[in-house]
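Listed below, chain by chain, are the residues.
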Amino acid sequence: MTRTLKALILGDIVGQPGCRALFVGLPELARRLEADLVVANGENAADGFGLTPDIAEKMRTSGVHVITSGNHIWQKKDIYPVLQTTDTLLRPENYPVIQGPGAIPGKGHCIVTVRDTAVLVINLEGRVNLSPLRDPIQVARALLKQFRSRVKAVIVDFHAESVDEKEALGLSLDGDVSVVVGTHTHVQTADERILPKGTAYITDIGMTGPVDSVIGMKKETAVSRSLTQMPLKMEVSNSTAEIQGVIVDVDLSTGAAVRIERIRQLSSV
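Residues numbered from 1 in each chain as written. Predicted model: local features only at pLDDT ≥ 70, side-chain atom pairs only at ≥ 80, totals over all residues. Heavy atoms only, no water.

Caption draft 1: Molecular detail of the overall build of the protein. On a plain count of helices and strands, the protein comes out with six helices and 13 strands. For the protein, the C-alpha atoms occupy an extent of roughly 55 × 45 × 35 Å along the three principal directions. Looking at the protein residue by residue over its 269 residues, the buried ones come to 58%. Look at the contacts in the protein between residues 6 or more apart in sequence, and 65% of them connect residues 24 or more apart. Summing over all exposed atoms, the protein offers an accessible surface of approximately 11700 Å²; the carbon and sulfur share of this is 52%. Charged side chains in the protein number 29 positive and 31 negative. The centres of these two groups are separated by 3 Å. (Helix = DSSP H or I, 4+ residues; strand = E, 2+ residues; numbered from the N terminus. Buried < 20%, exposed > 50% of the residue type's maximum accessible area, 1.4 Å probe, protein only. Contact = heavy atoms within 4.5 Å. Areas by Shrake-Rupley, 256 points an atom, 1.4 Å probe, with all protein chains shown as cover. Lys, Arg positive; Asp, Glu negative; His and termini not counted. Charge placed at Lys NZ, Arg CZ, Asp CG, Glu CD.)

Have a look at this one:
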C-alpha cells in the first residue's frame, strides 16, 4: 500500500482578521482534510506587516508546524531572537551570508518529522521587483544536495512577485522537490498542476485574510492611492476573512506529488 503525506500549505496570514480565521478555523480544516503537515506564511500577520513572537506562538498552538515568511519578516524586530532560536520559523534562505557581527537572523530551511517521515521545508524569496538576493534556484539546489538523501519529501515556499520567475523556479526544481508554492501576491491563482516530473506547483496560494479588501488592505485607501499616486498608509481591512491555500498529497515512496487541490474556506468569525 502506497504511503502518502498530506501537506496543507496556507497563504500569507494578513492582520487580525487572518489570524482569527486561522486560529478558529485551522484545527477543524486540518482534521477534515486529514493533513499530516501544516505550513503557513506568517509575514503579514502583525497588522499586515511583519510577525510578532506572540502571534507566531498562537499559530503553532493552532496547528501550524512550520511558519514561512518573506520580505516583510524584518518589520518587527522582536521576532529576530525567535528567528535565531526556533528552527521551524523561517526567513528566506537566499539572503546574503554574513559571518559574525551583522549576520542575518535565522535560516530558510528546516527538517520536520511527521508520522515518522522527515520533510524538508525551504523558504526562498524572488528577486524581480524585490531585493537583489542570491539566486534562489542555485540556493535551492545547494540545499537539496545537502539534505535530499535524508528526507522523503521537500516543500518550497517561493515568496515572489513575478509569475515567470515563479514558474521558472518550479520547472527548474521539477522532479527534485515535491511541492513548489508561490506566495506574496495575496491573489490565489488557478494554475495548480503536477509538473511533468512529479512536482506539484501553483503560482500563488493566495492569502488567509480579509475578503472585502485589496490584497487584505482597506479598499478605499487602495483606490485613493491609485487615483492620487500619494503614498497613503495601507491598513488591514477589518472584514470577514477566508483561509486560502492548497492541500497536496505526496507519494512517500518516490517523493513525487500525486494530487494538488486549492483550498478556500470562509471564516465564521
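Caption draft 2: Structural detail: the pairing of strand β5 (residues 109–114). As judged from the six bridges shared by β5 and strand β6 (residues 117–125), these two strands associate in the antiparallel manner. Bridge pairing in β6 links Thr 113 to Ala 118. Counting the residues between successive antiparallel strands, the hairpin from β5 to β6 contains two residues, one of them, Arg 115, with a positive phi of roughly 50°. (Pairing = 2+ DSSP bridges.)

Caption draft 3: How the structure looks around the sheet that holds β5. Pairing is mixed in the open sheet, where six strands are placed in the order β5-β6-β7-β8-β10-β9. The open sheet has two edge strands, β5 and β9 (193–194), and neither has a second partner. In the sheet, β9 pairs with strand β10 (residues 200–202) via two bridges, with the strands oriented antiparallel. Its bridge partner lying in β10, Arg 193 is registered against Tyr 201. On top of the sheet, helix α4 (residues 136–147) reaches β5, β6 and β7 (153–159); it is set at about 160° to β6, its chief contact. (Axes fitted to C-alpha atoms, helices over the stretch in contact; angles between N-to-C directions.)

Caption draft 4: Structural context of the packing of helix α1 (residues 15–33) against helix α2 (residues 53–61). Orientation of α1 relative to α2, taken along the N-to-C sense of each, is 30°, at an axis distance of 9 Å. Judged on the interaxial angle alone, α2 and α1 are roughly parallel. Judged by the sense of rotation from one axis to the other, the crossing of α1 with α2 is left-handed. Between α1 and α2, the contacting residues are Cys 19, Leu 22 and Phe 23 on the first element and Ile 55, Lys 58 and Met 59 on the second. For the contact of α1 with α2, the residue count by class is five nonpolar, no polar and one charged. (Parallel < 35°, antiparallel > 145°, perpendicular 65-115°, else oblique. Left-handed = near helix turned anticlockwise from the far one by under 90°. Nonpolar A, V, L, I, M, F, W, Y, C, P; charged D, E, K, R; others polar.)

Caption draft 5: Focus on α2. Within α2 the residues assigned to the buried category are Ile 55, Ala 56 and Met 59. Each buried residue of α2 lies within a common arc of 100° when the element is viewed along its axis, so the set occupies one face. Buried positions along α2 lie against β2 (12–13), α1, β3 (37–41) and β4 (66–68). After α2 finishes, the residue Gly 63 shows a positive phi value of roughly 120°. (Arc of directions from axis to C-beta.)

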